Amino acid sequence: MVKFAATAMNNYNKGKAKYILASMMLALFISETIGSTGRDALFTRFYKTLTSDTVPIPSKRKILVRNSTAAITDTVPKNLNDTTHNTDTTMIKTVVDTFNFKISKDSLDAPVVYHADDSMILDVHGKKILLYGKESKVKYTDNELVAPGIEFDQRTNLVTAYLRKDSTGKVISFPTFNQGDLKTVSDTIAFDMKTGKGLTKGTYTQQGEMYVYAVKIKKVDTSAFFAYKARFTTCNLDTPHFAFVSKKIKFINKKFAVTGPVHPEFEGVPVPIILPFGIYPLSMGRHSGFIAPTFNSNEQFGISLDGIGYYKVINDNWDVTTRGTIYSYGGYSFNISPRYMKRYRHAGNLSFDYQRFKTNFKGDPDYSTSKTFNIRWSHSLDTKSRPGVTFNANVNAGSSKFNSQVPNNPTRNFSNQLSSSIAYAKVWKDKPYNISINANHSQNTNLKIINVTLPDVSFNLNTLYPFRRKEVIGNYKWFENLGIALNSNAKSLTYFSDDTSVSQLNIGKQIFNNLQWGANHSVPITLSLPQLGPLQISPSISYTERWFQQKTIRSWDNVKKKVDTSINKGFYSARDMSFGVSMSSRIFGSFTFGKDSKVQAIRHEIRPSISANYKPDMNGKYYYSSQVDTARNFGRFNVFDNSIYGAFGEGRFGGLSFNIDNNIQMKVRDKKDTAADAVKKVTLIDGLNLSGSYNFLADSFQLSTFSVGARSNLFEKISITASAILDPYQVNARGDRIDKLVWRNKVLTLGRFTGGNVSVSSQFQGGDKTKKKTQNNLTGQPYNPATGMPLDEYQTEAAYISNNPAEFADFSIPWSVSFSYSLRFQRDRKSDYSGYTTNLFQDVNWNGTVNLTPKWQLGLNGFYNITDAELGTISVSIAREMHCWQMAINVSPVGRYRFFNISISPKSSLLRDIKVNRTRYFYDL
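Residues numbered from 1 in each chain as written. Predicted model: local features only at pLDDT ≥ 70, side-chain atom pairs only at ≥ 80, totals over all residues. Heavy atoms only, no water.

Asker: I'm lost on the overall build of the chain in this one. Help?
Answerer: What the chain contains, in helices and strands, is seven helices and 52 strands. The proportion of buried residues among the 925 residues of the chain is 35%. Contacts spanning at least 24 positions in sequence make up 51% of the contacts within the chain whose residues lie at least 6 apart. For the chain, the computed accessible surface area is about 53900 Å², with 58% contributed by carbon and sulfur atoms. (Helix = DSSP H or I, 4+ residues; strand = E, 2+ residues; numbered from the N terminus. Buried < 20%, exposed > 50% of the residue type's maximum accessible area, 1.4 Å probe, protein only. Contact = heavy atoms within 4.5 Å. Areas by Shrake-Rupley, 256 points an atom, 1.4 Å probe, with all protein chains shown as cover.)

Following this line, the structure appears as structure tokens:
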């Protein structure tokens, strides 16, 4: 009868089946077929052998059942006809039920959930369950198995899975097994459900960026497994382009892997390079370890072992990177870069570089040695740590010769400016004042002059309205909008040279002798009147006071025929006031076209403003005239010339100042939108402004210079910015202004150019404009999501990326072109006061790439100084996309710094140091 029941169950399960449903059906069939005695004996044996694994209750456990819902279970009368039953719940007693039972010794610790897509076969005597279907599943604790065929043996607790093929021999699906962090795809899987141990054949698995294939994998626990005849690679293809092959490997999940003898393999061809063992990190967090070097060659310093170092994780908030480079000609360089970060508090990094180089050899006439250094510090304070307080630092300082001597880095070799800034600011809550303290540094490495501003203190009192009522009902009266504010700034600065051939004094004496200080205080008084129709009128009064450290007097020496300069140190002050009223408005005009026209309308906006100002002559006493040459030409000077804040202007001013700004936009039909009324705005001119002033009280030169500016972004592609200063007066033979307007000779002109600049830039590229540009993993997210530390372990690679663009090519862009042009000009007085000279500066930059094929990209970028007719760095790059590898060739054949670089390397950051690199640099000193 039992055999008949099992046969019936096998015939019954043709679709989806559950083990619990099958058990219930079988028990019901037996109950109806045999008597109670035989049924009890058979059911007891059936329960112990097949269903005990789904009941995870230990033996002889006492189960306490408490009636927590007494109001529901105990207030109902035992006798429904008894109407006198007392329903008072306060008299209810809690009843406790206990019962004992035994479970099988081979029961599991948790339920087993399984599912069959096609059918399930239950073998009662063999104590086996067979599941069939493309995605049959078995799940036990954190073990999950999905396969087209699964067999479970209850006697051994062994689960076996295997692949299935169709009639043509094509694999329908592979067994997959997930346990914790381990995920595998295999040909055959067998594992013990109680111990978690297992054995797989023909297995693929992934550990971080590493893809692993092994003939056999033995799993010993949840964190470790062994692989036999395995290969591991970062290539995600079934047949990888390259791999490392070893007979025995041990993996610790998400941590590291250890191998015996290992050798590389390319396209299935072994390479006769065998390492006795290997240790490979698999986790993506921070780990201390050595930094592999690269080999380079430099014509000036010889062959180098470049970038060898060590990375050390100190704690969760600190780490440090040390690097060094050794050159065959006797030079070396050293770098140490500690970093720190405390979440929601602060973050920063410090970098110190030291170089010691030897040029040529001892005994040569041009033999020399040099010692240079550079220090960089970046710090930022999280605003959440101290609300109202900000502190930021960005320091870049060092020896003037440092950038020019950095090997194999034309980008830094051409940089001749260093600058630093440290800023602290505090805003008091519910207070009208704030303070900021700054320190700045600027350095010209060509002139070897270092300027330092320390400290630079600013105190600002926001506008106060002394006549306003504390409790306002309705609008303010006109006089209640009278406001007064205070802006104070005090700073000191000095400069020195680090070139001993320029200055014989030590740096300390230079700093003391060149020290200057000063202060500027401004008190603006404003009144905001209600708008009068389209006009906004605002009167104002301004008072400014400046403190000076010294007076400078220039005088002509008839004996030596030169200008002598005398300096008188002390405490001096000067004051200035101005009164004014301004009026501004906005004027709109438009011109519309026909509906069938491509151009729908043109809109012109004019923003004029005019102000009447009066300034008394409070500083004429500080001006004087002095002879400047033997031709008895005189110049006008102020005793406070060359001070930090400069001198106030001379003479009274009573006149008008004006400013006119324009904006022109156009509405055109949108070709990309098929709607009938689809239009888009195109800006023709973002801004076109003209400003100047006229002084009615001046006895000469009543008209000021004109400032003209224009900016536009034509077709949203070409950015143009231009500005100029025009002088409406003529000049004499020496270039000095004379009181004659230029319109006497030229009617159609705004004046004489005295300075200005023009810049044009644009960028074009092909491909899908809506697709986001791919970003290289070296310059991706600024913080590690696991640790929160900044991802700048390889700071020196920033220059490498800009110098080797082929290694970071974006093949999703079929072509791209960008360029920029800059022109600057100004008229400066000659050092001997004999006249003026015009200085013109022009340069152009360009960059372009084109994909020759989907896998080959050609690039060209360069810089040309038109003024000096000198080429900067022009480089040609060729990049080859090789799936999991990349090849890059960079050549710079012309310019002062010439080089070539050939590099073949994996794309994975895990294997970033495994690369073939050949670099040579050549210098024109």
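Asker: Explain the environment of Asp123 to me, please; I cannot follow it from the model alone.
Answerer: Within the element layout of this structure, Asp123 appears in strand S2 (residues 119-123). A relative accessible area of 36% places Asp123 in the partly exposed class. Separated by 30 residues in the primary sequence, Asp123 and Asp153 place their C-alpha atoms 9.6 Å from one another.

Asker: Where do I start with the packing of aromatic side chains in this structure?
Answerer: How two aromatic rings sit relative to each other is given by the distance of their centres and the angle of their planes. Tallying each qualifying case throughout the model produces 29 aromatic pairs. Judged by centre distance (6.1 Å) and plane angle (15°), the rings of Trp517 and Phe571 are stacked. Remark: Phe571 occurs in strand S33 (residues 562-584) and Trp517 occurs in strand S31 (residues 516-527); sequence separation between them is 54 residues. Classification of Trp517 by relative accessible area gives partly exposed; the value is 32%. Ring geometry for Tyr624 and Phe637: centres 6.1 Å apart, planes at 40°, overall tilted. With a gap of 13 residues between them, Tyr624 in strand S36 (residues 623-627) and Phe637 in strand S37 (residues 634-638) connect regions that are remote in the sequence. As far as the burial class goes, Tyr624 and Phe637 line up, both buried. Taken together, Phe232, Phe242, Phe244, Phe266 and Trp885 form an aromatic cluster joined through their ring pairs. For the cation-ring pair, Arg468 lies above Tyr465, with the distance from its terminal atom to the ring centre recorded as 3.8 Å. Its guanidinium or amino end placed over the ring of Tyr476, Arg468 lies 4.1 Å from that ring's centre, counting from NZ or CZ. (Phe/Tyr/Trp six-rings, centres within 6.5 Å; stacked < 30°, edge-to-face > 60°. Lys NZ or Arg CZ within 6 Å of the ring centre and 35° of its normal.)

Asker: Can you help me understand the pairing of S36 in this one?
Answerer: For a regular strand, the rule is simple: side chains alternate between the two faces of the sheet. Summarising burial for S36: four of the five residues are buried, a large majority. Note that S36 and S37 share five bridges and pair antiparallel. The residue bridging Ser625 from the neighbouring strand is Arg636, located in S37. Between S36 and S37, which pair antiparallel and follow one another directly, the connecting turn spans six residues, one of which, Arg632, has a positive phi of 60°. (Pairing = 2+ DSSP bridges.)

Asker: Is there a simple way to think about a nonpolar patch on the surface in this case?
Answerer: Nonpolar side chains collect at one region of the surface, where Leu532, Leu535, Ile541, Phe579, Met583, Ile610, Tyr614, Leu656, Tyr694, Phe696 and Leu697 lie side by side and expose about 890 Å² of accessible area between them. Put simply, the parts of the chain that give the nonpolar patch at least two residues each are S33 and strand S35 (599-615). Tracing the backbone through its elements, the reader meets Ile541 in strand S32 (residues 536-557). (Patch = residues over 30% accessible without salt bridge, like charges linked within 9 Å, V, L, I, M, F, W, Y side chains within 5 Å. Salt bridge = Lys/Arg side-chain N within 4 Å of Asp/Glu carboxyl O.)

Asker: Could you clarify how one ought to interpret the environment of Ile507 in this entry?
Answerer: Within the secondary structure layout, Ile507 lies in helix H6 (residues 507-513). Separated by 10 residues in sequence, Ile507 and Ser497 place their C-alpha atoms 7.2 Å apart. Sequence-distant contacts of Ile507, defined by excluding residues within four places in its chain, comprise Phe496 and Ser497.

Asker: Can you walk me through the side chain of Gln550 in this structure?
Answerer: Mapped onto the fold, Gln550 is located in strand S32. Of the polar contacts made by the side chain of Gln550, one reaches the side chain of Lys569; its length is 3.2 Å. Apart from the residues lying within four places of it in its own chain, the contact partners of Gln550 are Ile567, Asn568, Lys569, Gly570, Tyr572, Val639 and Phe640. (Polar contact = N/O pair within 3.5 Å; in protein donor to acceptor, adjacent residues only side chain to side chain.)

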